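A closer look at the structure
Residue strings, one per chain:
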Amino acid sequence: MKDEKQITKVFRTPEGGKAFDMVSDENAVIQKVTDIPGIISGTFSKVLPVLPLKDIVIYPYMIYPILAGRESSIKAINVASATEDKYILLVTQKDSSIEETYADNLYNTGTFARILQILRLPNGLIKVLVEGIFVADISSFLKTDYISAEFLIRTAADYSGIRQDILINRTSVLFSEYINLYPAHSKDIHEPYTSLTEADRKLYYIASAINFNIERKQKILELNNFDDKFLEIISILTSENEILGIEKEIENKVQSAMQKNQRKFIVQEQIKILQEEMGEHAELDPDLMKLKEAIENCDMPDSVKSKALEEFEKIRKTPPMSPDFSVSRNYLEWMTSVPWNKFTDDNYNLDNAKKILDEDHYGLDKPKERILELLAVLKLLKDKNITKPPKGQILCFVGPPGVGKTSLGKSIARALNRKFARLSVGGVKDEAEIRGHRRTYIGSMPGRIIQAMKKAGTSNPVILIDEIDKMGNDYRGDPASSMLEVLDPEQNNSFNDHYLDIDYDLSNVLFITTANVQYNIPLPLQDRMEIIEMRSYLDFEKIQIAKRHILPKELIEHGMDKDEVKFPDQVIHKIIREYTREAGVRNLERELSSVIRKVARNKLGDGGKKKFIVVTAKLVEKYLGVPKYEDVDTKNDEKTKIGSVYGLAWTSLGGEILTIDVTVMKGVNKITLTGQLGDVMKESAIAGLSYIKSNSRKFGIPDNFFKDKEVHIHVPEGSIPKDGPSAGITMIIAMLSAITKNPVKAGIAMTGEITLRGNVLPIGGLNEKLLAAVRSGIKTAIIPADNKKNLIEVPKDITEKLLILTAKTVDEAIKGVFCKSKITFKK
């Protein structure tokens, strides 16, 4: 390029005036303005190599070493050093994170500099010493294998005057304060500054010495007017001095506090030495004195008290600033807050207990009877001074949600006149949640059992362990295994919590547990508890519960008297049948609460004129909207169906009715199962089809019938997962109906597990399943013959509303299901 070979003579111009105006001819580029004092001798290329800088701005008069390693930077240095004067442009990058930079990432103002020395290192890097000379304004960047630029030089003129002197003096004062406040700077850095006379040298010296961000350093370089440059420096120094002053004030306060604590520690140590010399062991700290009094007064066993006093002696000699001090103190506070030999007087009056249980709960005859039996045994043991706990003392209430398991535990505590504490272990996966964390861990604390004892405040509370069937386990241990010691009367008299690290007696605690699903409880835990099943409520029981318990409580909570709102039985029954479908009464409570709120609002809207409101069926539909469930015998329709049969199912929420639909179509010989069926239910379907195929002649089915037939079984409500073996008999009947085209009787449902030999095996949850049948309008139910003995436990209100047939084999079930006693195949 021809322009790159052209040269220019450079003269000083007043700072703030025009930069060089260049004119060119064939031989040179010279300045229009001539005869200005301060000529800098030498000639310079119009285009110079650019050395990009990271995180630094180099000002005029600065001598600075730069370590270059980028290939383009090394080439730029080599090109500049090959010239006679070794001039180069130093330009700072806008984004220092970019390794191989480009023109748009460079500022348009840099420093015209001279290379003083080059040192080539063995690893290929170059260490170059440069000296800044002038501010350079970049006209344009050129990019080959390195970056170069066309530029105009901006030089400084004489800077004097009253305003200028004031700015310089103010800057000097602030700079002196900065040196005194900034701990990283040596006081010697100020001495060279005092020897400078030129204003621009002072300015750039301060700008390079103080610590602030690159953007503002670049701004100082770019400003044209020296007044603006000094004002910017003054602004920066004022801000930095204010921040440094605050930091120094904080540091002084911290140092003062540390010296005070050190002095206090030394004095305390001297006092301890004097006490030991004089034989005085009385502790001066009032908090520690209270702690020792608590140890003496909490009636600990001798072995526990000796350990507590030993720990107290350790804490007495430990400096308060030591981490061990707070650890030991927390430990002793837990030791003194846990109840030791502190008992409440039990009330074993059976009549009083029965009265309280009946007040709090309607029905639940079997659980109430078992509780009264336990109280009678406890009373006899107390009369004979037998301290050994009775067998079966730990009760486990198993039943669907909302049937009163937790509230029954509270009633037991009230009947016994004991304190009550509840802890939920649902989702607990860490063994330390039960047994506590060892004191070596930061933030350690006792387990939930000891925490419950502290909450109860006595040694013989009633502790309810909720959701015991929902405990998990992972790499942190198995909490169910830890619970074995808690719930074993032979072991829990010496329960060892990892935090307390002592044996604690739990034998006087009455533990009650609750669960929704029995088979989710580990077998070793089941072995230590007496399982008491709590069935779903019948409709008439829900009505009584609503009248006796729910409505009085809800009316009080909503600020209304029991005489202000009346719910007739038929209205409550309508809410139960059309707006809830549950085993317990939680949703019923929500719906009744919603009706009461709307009644309260309407009452105030009428200005309080109506003092007595009777809730009618129309008002229920107005307040609660369209019924969620149909209160009709939807399962007891008069139409017979082919390939559609009702099954009885049990879930953790109670009994349910399942519709099993089967269709047979031409296709590949296979079975298709849909409706989110679990593995066990799929296997039941496959076993049922295998039974039908192996007995096809008995049912009149041609031998080649299944060769080109596909059987599709679907269980509606496909979004809900379903599983279990008890739908086996239902699937066989539905497939036989669809294959032989024989309709099934209306209003019939069934349950039972089947075998490949056609036997019907017993099932669980019979009470819940039959209750679901009654609730859904079923008139006939088929159950396994082996479950006939369980009917005695089913309330008469259920059995009287159903025709219950038993079947030992599939053939016996067929007789009571199909419209005809004998199946005939129809094409």
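In what follows, the structure referred to is the one given above.
Everything numeric here is computed off the predicted structure, so don't read it as measured data.

Structural notes on the overall build of the protein
Secondary structure summary: the protein contains 25 helices and 28 strands in total. Within the protein, the proportion of its 827 residues that are buried is 47%. Within the structure as shown, the protein displays about 42,300 Å² of accessible surface, and the carbon and sulfur contribution to it stands at 51%.

Some words on the pattern of salt bridges
Applying the stated rule across the entire model yields 38 salt bridges. Across the salt bridge formed by D383 and K379, the nearest N and O atoms sit 2.9 Å from each other. Separated by 4 residues within a single helix, D383 and K379 lie in helix α11 (residues 365–383), roughly one turn from each other.

Digging into helix α21 (residues 679–694)
Here α21 spans 22 Å end to end across 16 residues, near enough to the 22 Å set by a 1.5 Å rise per residue. Among all positions in α21, only M681, S684, A685, A687, G688, L689, Y691 and I692 are buried. Residues of α21 that are buried in the fold lie against β21 (654–666), β22 (670–674), β23 (709–714), α22 (728–740), β25 (753–754) and α25 (810–817).

Considering the packing of aromatic side chains
All chains considered together, the criterion is met by 14 aromatic pairs. Ring centres of F705 and F706 lie 5.2 Å apart, and the angle between their planes is 90°; this geometry places the pair in the edge-to-face category. Taken individually, F705 and F706 each receive the classification buried, so the pair is uniform in this respect. What links up through ring pairs into an aromatic cluster is the set Y59, Y61, Y204, F226 and F230. Above the ring of Y193, the side-chain terminus of K202 is found at 5.6 Å from the ring centroid. Across the ring face of F226, the terminal group of K229 is positioned such that the distance to the ring centre comes to 6.0 Å.

Observations concerning the packing of helix α18 (residues 569–579) against helix α19 (residues 586–605)
Angle between the axes and distance between the axes: these two values describe a pair of packed helices. Packing of α18 against α19 brings their axes to within 10 Å, and their N-to-C directions diverge by 120°. One way to sum up the angle between α18 and α19 is to call them oblique. Considering only the axes of α18 and α19, their crossing is right-handed. Residue-level contacts link I575, I576 and Y579 of α18 to L588, E591 and L592 of α19. Residue composition of the contact of α18 with α19, grouped by class: 5 nonpolar, no polar and 1 charged.

Quick look at the side chain of S482
Along the chain, S482 turns up in helix α15 (residues 479–486). There is a polar contact of 3.3 Å between the side chain of S482 and the side chain of E431. Residues within four places of S482 in sequence aside, it is in contact with E431, I434 and R435.

Section: the nonpolar core
Counting 51 residues, the largest nonpolar core has F397 and F567 as its most contacted members. By residue number, the principal contributor to this core is helix α17 (residues 539–557), which donates 6 residues. Beyond its immediate stretch of four places on either side in the chain, F567 contacts L551, I572, L592, V595, I596 and V615. M300, I315, F495 and F511 belong to the second-largest nonpolar core, a separate cluster that totals 50 residues.

Thresholds applied
- Residues numbered from 1 in each chain as written.
- Predicted model: local features only at pLDDT ≥ 70, side-chain atom pairs only at ≥ 80, totals over all residues.
- Heavy atoms only, no water.
- Helix = DSSP H or I, 4+ residues; strand = E, 2+ residues; numbered from the N terminus.
- Buried < 20%, exposed > 50% of the residue type's maximum accessible area, 1.4 Å probe, protein only.
- Areas by Shrake-Rupley, 256 points an atom, 1.4 Å probe, with all protein chains shown as cover.
- Salt bridge = Lys/Arg side-chain N within 4 Å of Asp/Glu carboxyl O.
- Expected span 1.5 Å × (residues − 1).
- Contact = heavy atoms within 4.5 Å.
- Phe/Tyr/Trp six-rings, centres within 6.5 Å; stacked < 30°, edge-to-face > 60°.
- Lys NZ or Arg CZ within 6 Å of the ring centre and 35° of its normal.
- Axes fitted to C-alpha atoms, helices over the stretch in contact; angles between N-to-C directions.
- Parallel < 35°, antiparallel > 145°, perpendicular 65-115°, else oblique.
- Left-handed = near helix turned anticlockwise from the far one by under 90°.
- Nonpolar A, V, L, I, M, F, W, Y, C, P; charged D, E, K, R; others polar.
- Polar contact = N/O pair within 3.5 Å; in protein donor to acceptor, adjacent residues only side chain to side chain.
- Core = buried A, V, L, I, M, F, W, Y, C linked by side-chain atoms within 4.5 Å.

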